[in-house]
Amino acid sequence: MQEHPIVLADANNFYASCEAVFHPEVAGKPLVVLSNNDGCVVSRSYEAKALGIANGTPWFTIRQEAAYDQVIARSSNYELYGSLSRRMMSIMSGFLPGQEVYSIDECFMHSPWDIERTRRIAAVMRRAVLQGVGIPVSIGIAPTKTLAKITNHWAKRHPSSRGITTWGDLSRDDQGTAVLSSIEIDDVWGIGRRLAKRLRGLGIRQAAQLRDQDPVNMRRRFSVQLERTILELRGIPCIADDNDATGGKRDCQILCSRMFGTPILGEEGLRQAASVYAQYACRRLQRQHSLCTRVSVFCASSPFSKHDQYSSVCGSILLQDPSDDPVIISAAARQALHGRITPSVRYVRVGVMLTGLVDAASYDTLPALGARTDSGLSEVFEQVARRFGPAHVGIGFAGIRGDGRNNGDTGAAWAMRREMLSSRCTTRWDEMPVVRAD
DNA sequence: TCTGGGGTCCTAGGACCC
DNA sequence: TCTGGGGTCCTAGGACCC
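Residues numbered from 1 in each chain as written. Chains lettered and ligands numbered in written order. Predicted model: local features only at pLDDT ≥ 70, side-chain atom pairs only at ≥ 80, totals over all residues. Heavy atoms only, no water.

Chemist: Account for the overall build of chain A, naming residues and giving values.
Modeler: When you go through chain A residue by residue, the secondary structure sums to 15 helices and 13 strands. Counting only residues that meet the buried cut, chain A has 44% of its 438 residues in that class. Pairs at least 24 residues apart make up 65% of the contacts formed inside chain A by residues separated by at least 6 positions. Accessible surface, chain A: about 23,000 Å² in total, of which carbon and sulfur atoms supply 52%. (Helix = DSSP H or I, 4+ residues; strand = E, 2+ residues; numbered from the N terminus. Buried < 20%, exposed > 50% of the residue type's maximum accessible area, 1.4 Å probe, protein only. Contact = heavy atoms within 4.5 Å. Areas by Shrake-Rupley, 256 points an atom, 1.4 Å probe, with all protein chains shown as cover.)

What follows is the structure, encoded as structure tokens:
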């Protein structure tokens, strides 16, 4: 194995584990976390997995049985998960260099040390996260990202590994052939359902068989990604980090889309929702100091409806000048849908996409040209949000506050359903946990 | 009644230019 | 009037990830 291994740290059942941090009474019980609108299961505790509940299951199809099994359900509480994720990442970044935050619950790091020293550091890091945040993580150590994924997965499923596995542990005698022969092709990072089906058609069923394919040939037949995956399985690193030179990661497109609590009929409701999501997207745009040049909006009816045929529309507005002004962007979002809506269709989703992003700093135009007609409003919004929290002020429906905390974003009839939300302990003053010493 | 949200990368194809 | 190949840029769509 090479000298400088890649370390992948990945939280166990992240959302479900987060729910237990401030509510120890749910630890050790079957618990599921649901997607927006309490739609389907997106995270499960070990106990819920043991009951055979699969990820992605629509909640309404298992609700009764789950109640019988005393399964605890929670609406997704992204404020809480985001906050715990940042704490977890921050602790880990102090142990090893080159952290690449790959998703809300996992990060890659580059160890400058040999395997054994890396393993010892990983063990200390793991304990620090458990103690500091209360989240258990599993760690895989390997020469490539693809193999680190495999070792991480192994660490999760084998308690004897005590949360840490290295590729050396698995490949000792036979270059890993036995282990890779036990891994189905679709469990390999980068092989999705479609690709797996095509590969199986060629008789390639397990990871070991894929590893032994000719990379050049497979590149020609499929894609460069597949070639890279093959090389990575052989221990040759060829998937680069996403981090750019500045260290901070900046999105190239910003999408804000939601299913509605209840369907919307007619253009006006859709335009309200598009305007609200445009303003959410705008805040993310400003936070990463970008401007956008194109605003696209799409909306769609339910693909599951038995009565209506599925239909979707989209419209797109090219801005005259790159902008991060919520007044301009929400107006463009409203305009993008104009005249495209079929009045009889029950729409259940709308999304706003900001693309053609440019760095705000590199686009300072001469004031006299008046390119960025910033009304000053966005700065006011920013200040209000900093002082009072998000969703206190905005344009149109975005500025309206509902009554209950579950409906707190706009109070609109179509707002998200989140009926089983736990407290946002770490981000809201009024939802802090209370500790009593008797 | 009720089925998530947010990204990335790659490729093919069209428009345009020389 | 007719004809060619190659490069770049953009967009849409597919596939994948968590």
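Next comes the rest of the description.
Chemist: Could you give an account of the layout of surface pockets, naming the residues involved and the relevant values?
Modeler: By volume, the second largest pocket amounts to about 1,100 Å³. Of all the secondary-structure elements, those providing two or more residues to the lining of the second largest pocket are helix H3 (59-68), strand E9 (254-265), strand E10 (290-301) and strand E12 (346-355). A total of 7 residues in the lining of the second largest pocket trace back to one element, the largest contributor, which is E9. Along the lines of polarity and charge, the residues of the lining of the second largest pocket split into 14 nonpolar, 12 polar and 8 charged. (1 Å grid on protein atoms, 1.4 Å probe; cavity = no way out; pocket = protein on both sides within 12 Å on 5 of 7 lines; lining within 4 Å. Points joined across faces, edges and corners; volume = space filled by probe spheres on them. Nonpolar A, V, L, I, M, F, W, Y, C, P; charged D, E, K, R; others polar.)

Chemist: Requested: an account of helix H14 (residues 326-337), with residues and values cited.
Modeler: Relative to the 16 Å expected for 12 residues at 1.5 Å per residue, H14 spans 17 Å between its end C-alpha atoms, a close match to the ideal helical length. Every buried residue of H14 is accounted for by Pro326, Ile329, Ser330, Ala332, Ala333, Ala336 and Leu337. Relative to the axis of H14, the buried residues are bounded by an arc of 155 degrees and lie together on one face. Turning to H14, the residues buried within the fold contact helix H13 (267-287), E10, strand E11 (312-323), E12 and helix H15 (377-388). Looking at the residues trailing H14, positive phi occurs at glycine 339, about 80 degrees. (Expected span 1.5 Å × (residues − 1). Arc of directions from axis to C-beta.)

Chemist: An account of unusual backbone geometry is needed here, citing residue identities and associated values.
Modeler: Of all residues except glycine, most have a negative phi; of all peptide bonds, most are trans. The backbone phi angle of aspartate 38 is positive, close to 50 degrees, even though this residue is not glycine. Secondary-structure assignment places aspartate 38 in the loop between strand E2 (31-34) and strand E3 (41-44). Residue classification places aspartate 38 among the buried residues on the basis of a relative accessible area of 10%.

Chemist: Please give an account of the protein's contact with DNA strand C that cites residues and values.
Modeler: In the vicinity of DNA strand C, 14 residues are found, and the nearest of them are Ser103, Lys149, Gly190, Arg194 and Leu195. Taking all atoms of DNA strand C within 4 Å of the protein, the share assigned to sugar and phosphate is 100%. Glycine 190 is positioned with one of its backbone polar atoms (N or O) 2.6 Å from a phosphate oxygen of DNA strand C. Of all the elements in the fold, those that place two or more residues in the surface near DNA strand C are strand E5 (100-103) and helix H9 (193-201). Sorting elements by how many residues they give to the surface near DNA strand C places H9 first, with 3 residues. Residues that form the surface near DNA strand C fall into these classes: 5 nonpolar, 3 polar and 6 charged. (Near = heavy atom within 4 Å. Polar contact = N/O pair within 3.5 Å; in protein donor to acceptor, adjacent residues only side chain to side chain.)

Chemist: Give a detailed account of the packing of H13 against H14, specifying residues and quantitative values.
Modeler: Look at H13 against H14: their axes get within 8 Å of each other, and the N-to-C directions meet at 145 degrees. In this structure, H13 crosses over H14, and the sense of that crossing is right-handed. Residues Glu267, Glu268, Leu270, Arg271, Gln272, Ala274, Ser275, Ala278, Gln279, Cys282, Leu285 and Gln286 of H13 lie in contact with H14, whose contacting residues are Pro326, Ile329, Ser330, Ala333, Arg334, Gln335 and Leu337. (Axes fitted to C-alpha atoms, helices over the stretch in contact; angles between N-to-C directions. Left-handed = near helix turned anticlockwise from the far one by under 90°.)

Chemist: Any details on the protein's contact with DNA strand B? Residues and values, ideally.
Modeler: Within the structure, DNA strand B sits among 19 residues, and Leu255, Ser257, Arg258, Met259 and Arg284 are positioned closest to it. The backbone of methionine 259 places a nitrogen or oxygen atom 2.7 Å from a phosphate oxygen of DNA strand B. Within the side chain of arginine 349, an N or O atom sits 3.1 Å from a phosphate oxygen of DNA strand B. A per-element tally of the surface near DNA strand B places E9 first, with 6 residues. For the surface near DNA strand B, a count of residues per class yields 9 nonpolar, 5 polar and 5 charged.

Chemist: For the domain arrangement of chain A, give the residues involved together with the corresponding values.
Modeler: Under the domain assignment used here, chain A contains domain 1 (104-233) and domain 2 (254-363 + 371-399). Relative to domain 2, the C-alpha centre of domain 1 lies at a distance of 39 Å. (Domains from an automatic or database assignment.)

Chemist: Outline the pairing of strand E6 (residues 106-110), listing residues and values.
Modeler: Counted residue by residue, E6 has 4 buried out of 5 residues, so it is predominantly covered. For E5 and E6, the ladder comprises 3 bridges, and the chain directions are antiparallel. Opposite serine 103, over in E6, you have glutamate 106 as the bridge partner. Connecting E5 to the next strand, E6, in antiparallel fashion are 2 residues. (Pairing = 2+ DSSP bridges.)

Chemist: Any chance you could break down the environment of tryptophan 429 for me, citing the residues and the numbers?
Modeler: Among the secondary structure elements, tryptophan 429 is positioned in the segment after H15. The exposure class assigned to tryptophan 429 is exposed, which follows from its relative accessible area of 78%. Residues tryptophan 429 and arginine 162 lie 267 residues apart in sequence; the distance between their C-alpha atoms is 37 Å.

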